Amino acid sequence: MKDKVVLYGLSFGIQFIVTIAVTILTVHYYPHKSAVVLFYNLNIVTFLTTFISLGIPQALIRYQYIEDINKGDLNQTVALTSLFSTILAVVITFIIGGYQTIFLVILLPFTVAQYYLRSIEDFRKFIGLYLGRLILIIIGSLTIFFFKSHDVLWWYVVVGFSYLIGVWFHPPIKGLSVNLNLLKSILEYSIPLQLYSFLLQGVFLVGQIVLEKYG
């Protein structure tokens, strides 16, 4: 338990500190509303991917511990649904938020990788996942800082591609077949729980809209 607390604390704590540092260094290069819009679009993408994924990534935590579940089938099912969900999210976010928000959709496979590593309790790779993303963010931020590029698109590229590290730790995809009975079982578990996550993300999104308009 102590090791898990340390590992989770390092992964999330370092990310928080470095994010603040990067923001302080680079935010003054952009109009103040650009950062607000990016954060708003990221929340929209999070909201949509939470809905589109149907809670399947979170179900990994529960199903990985069920003894009579074939772990290969489970990983294959989750990996394929992640792929199709990501493609669907790209189309929907493009319609809603434009081409810039497409980069942010890589959040979804990153989320799957996170739950996958937690489910198999590979905390070394879990730390590597977050540290890898932080390294990508730092490199991208320093590049923007050095070249003093004012095009907001580069921030979408940096934030989006920082999630790309998740593909490296993603459950492997072996073919295009899935265990339909297992998928049905996962959906019966995950969809009811998904309502809570969906509503929670909705509250955050509404709160941001209210602050943006009236705050």
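As shown above, the structure is provided for reference.
Because the structure is predicted, anything quoted here is derived from the model rather than measured. (Residues numbered from 1 in each chain as written. Predicted model: local features only at pLDDT ≥ 70, side-chain atom pairs only at ≥ 80, totals over all residues. Heavy atoms only, no water.)

S.K.: Teacher, can you tell me more about the overall build of the protein chain here?
M.R.: A tally of regular secondary structure across the protein chain gives nine helices and zero strands. Counted from the first residue to the last, the protein chain has its helices and strands arranged as α-α-α-α-α-α-α-α-α. Intrachain contacts of the protein chain at a sequence separation of at least 6 include 83% that bridge at least 24 residues. Accessible area for the protein chain stands at about 12,300 Å²; split by element, carbon and sulfur atoms hold 72% of it. (Helix = DSSP H or I, 4+ residues; strand = E, 2+ residues; numbered from the N terminus. Contact = heavy atoms within 4.5 Å. Areas by Shrake-Rupley, 256 points an atom, 1.4 Å probe, with all protein chains shown as cover.)

S.K.: For this particular structure, what's the right way to read the packing of aromatic side chains?
M.R.: With the rule as written, the count across this model stands at five aromatic pairs. Seen in terms of ring centroids, Phe110 and Tyr130 are 5.5 Å apart; in terms of plane orientation they differ by 80°. Their pairing is edge-to-face. With Phe110 in helix H5 (residues 107-119) and Tyr130 in helix H6 (residues 123-147), this residue pair connects regions lying 20 residues apart in the sequence. Taken individually, Phe110 and Tyr130 each receive the classification buried, so the pair is uniform in this respect. With a centroid separation of 5.3 Å and 65° between ring planes, the pair formed by Phe110 and Tyr163 is classed as edge-to-face. With Phe110 in helix H5 and Tyr163 in the loop between helix H7 (153-162) and helix H8 (165-168), this pair connects stretches of sequence that are 53 residues apart. With respect to class, Phe110 is no different from Tyr163; both count as buried. We note Arg62 situated over the ring of Tyr63; from NZ or CZ to the ring centre the distance is 4.9 Å. Geometry around Phe110 places Arg133 over its ring, the cationic atom sitting 5.9 Å from the centre. (Phe/Tyr/Trp six-rings, centres within 6.5 Å; stacked < 30°, edge-to-face > 60°. Buried < 20%, exposed > 50% of the residue type's maximum accessible area, 1.4 Å probe, protein only. Lys NZ or Arg CZ within 6 Å of the ring centre and 35° of its normal.)

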